[in-house]
2 protein chains.
Amino acid sequence: MRIVLNKKDMNMRQTRQKEAILSVVHGEGIHMTAEEIFAAVQEKEPGIGLATVYRNLKSLCDAGIIQKVTAEDRSFYDGCGDPHDHFLCTECGKIEDVPSFESRELNSFLTKQIRGKVHRHASVYFGICEDCLGERDRKITS
Amino acid sequence: MRIVLNKKDMNMRQTRQKEAILSVVHGEGIHMTAEEIFAAVQEKEPGIGLATVYRNLKSLCDAGIIQKVTAEDRSFYDGCGDPHDHFLCTECGKIEDVPSFESRELNSFLTKQIRGKVHRHASVYFGICEDCLGERDRKITS
DNA sequence: CTTCGTGCAAATTATTTGCATGGCA
DNA sequence: TGCCATGCAAATAATTTGCACGAAG
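Given the structure is predicted, the values throughout are model-derived calculations rather than measurements.

## Some points on the domain arrangement of chain A
Residue and element names in this part refer to chain A. Segmentation of chain A into domains returns domain 1 (1-81) and domain 2 (83-142). Taking only C-alpha atoms, the centre of domain 1 and the centre of domain 2 are 24 Å apart. Contact residues are listed per partner, giving 11 residues for domain 1 and nine residues for domain 2. Carbon and sulfur atoms supply 65% of the area that domain 1 and domain 2 bury against each other, a total of about 720 Å² over both sides.

Below is the structure:
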């Protein structure tokens, strides 16, 4: 299927390479590093350059279609441009989306702490995911 | 003054370079990039190598004396190793410490979202700081 | 047709590592 | 004295940029 770009992207040209990249990274729950994306796109669009991948990832981020997230010195591209947070399993390295926590309490806390205006935030939670917890129990029990 | 290292650092040797680095980066409200630290340490300890700065920053992080924070593709070292969050002014680039927000509501939210265990988190708030807001008002008024 | 996107290689930037030597414990 | 830390230079890793050419609008 052809992914139709929207208003925000008026200034960008529709190319085979961009469509291939978009088809790989766009979507909920997708978190890939630049190299992973490069490898995956290779299959759909052999001969594509790494620089092209980086250039497109950047413009897709600028357009708000995807976003770049950095945690623990590792960067990955999140297929969803809408604001949300992340959970990173320190055991298996898996990344999961988490909706942003919002509350009146948090807002008043921030207003008190930061005298200025907060526009957005980026949070990453670190811990052990459900699967890895299960894995541990299994080892202990057996 | 000589900064005395504690238990956590038993395995590290006390050197002039380490003390110089520590005297530059250790403390609340200090947020510097590796290059800034390198430049500042030069003055106290001329001839120190950039690699030494990086090596010491890493071991100080491992020891929990300081911590590395990355936001918007920029990394800086936070002079305080205790967990807390940050506010970054997108206008002037200033970074401020913010205590971590904790609440029962947030905990139950996270438990519901992430079926695993959360051990820590890293949050960066983006916005306009008090000073830059004032600056804007002044421009509009005048 | 004109302008922008692409591929490739070279350039940057940030950080790490190998090695011989010097200095803490 | 023994071993870890340092300085320097070279090595990596991740990302960006210059340039000539091909393709989108």
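## Observations regarding the pattern of salt bridges
Counting across every chain of the model gives eight salt bridges over all chains. A salt bridge links aspartate 73 of chain A to lysine 68 of chain B, with the nearest nitrogen and oxygen atoms 3.4 Å apart. Of this pair, aspartate 73 of chain A sits in the loop between β2 (67-71) and β3 (74-78) while lysine 68 of chain B sits in strand β2 (residues 67-71), which puts the two residues in different chains. Classification of lysine 68 of chain B by relative accessible area gives partly exposed; the value is 37%. Between lysine 94 of chain A and aspartate 131 of chain A there is a salt bridge, and its shortest N-O distance comes to 3.0 Å. Placement of lysine 94 of chain A in the loop between β4 (85-89) and β5 (95-98) and of aspartate 131 of chain A in helix α5 (residues 130-141) is noted, with a sequence separation of 37 residues between them. What makes aspartate 131 of chain A partly exposed here is its relative accessible area of 48%.

## Considering the packing of aromatic side chains
Between two aromatic rings, the relevant description is the distance of the centres plus the angle of the planes. Within the structure shown, the criterion is met by three aromatic pairs over all chains. Joined through ring pairs, the aromatic side chains of Phe101 and Phe109 of chain A together with Phe101 and Phe109 of chain B make up one cluster. Directly above the ring of phenylalanine 126 of chain B sits arginine 120 of chain A, whose terminal nitrogen or CZ lies 4.0 Å from the centroid.

## Concerning the pairing of strand β6 (residues 117-128) of chain B
Pairing geometry for strand β6 (residues 117-128) of chain A and β6 of chain B, over 11 bridges, is antiparallel. From the neighbouring strand, valine 124 of chain A faces β6 of chain B, where its bridge partner is alanine 122 of chain B. One ladder, built from four bridges, connects strand β4 (residues 85-89) of chain B with β6 of chain B; its direction is parallel. From the neighbouring strand, histidine 86 of chain B faces β6 of chain B, where its bridge partner is valine 124 of chain B.

What counts as what
Residues numbered from 1 in each chain as written. Chains lettered and ligands numbered in written order. Predicted model: local features only at pLDDT ≥ 70, side-chain atom pairs only at ≥ 80, totals over all residues. Heavy atoms only, no water. Domains from an automatic or database assignment. Contact = heavy atoms within 4.5 Å. Buried area = accessible area lost by both parts, 1.4 Å probe. Salt bridge = Lys/Arg side-chain N within 4 Å of Asp/Glu carboxyl O. Helix = DSSP H or I, 4+ residues; strand = E, 2+ residues; numbered from the N terminus. Buried < 20%, exposed > 50% of the residue type's maximum accessible area, 1.4 Å probe, protein only. Phe/Tyr/Trp six-rings, centres within 6.5 Å; stacked < 30°, edge-to-face > 60°. Lys NZ or Arg CZ within 6 Å of the ring centre and 35° of its normal. Pairing = 2+ DSSP bridges.

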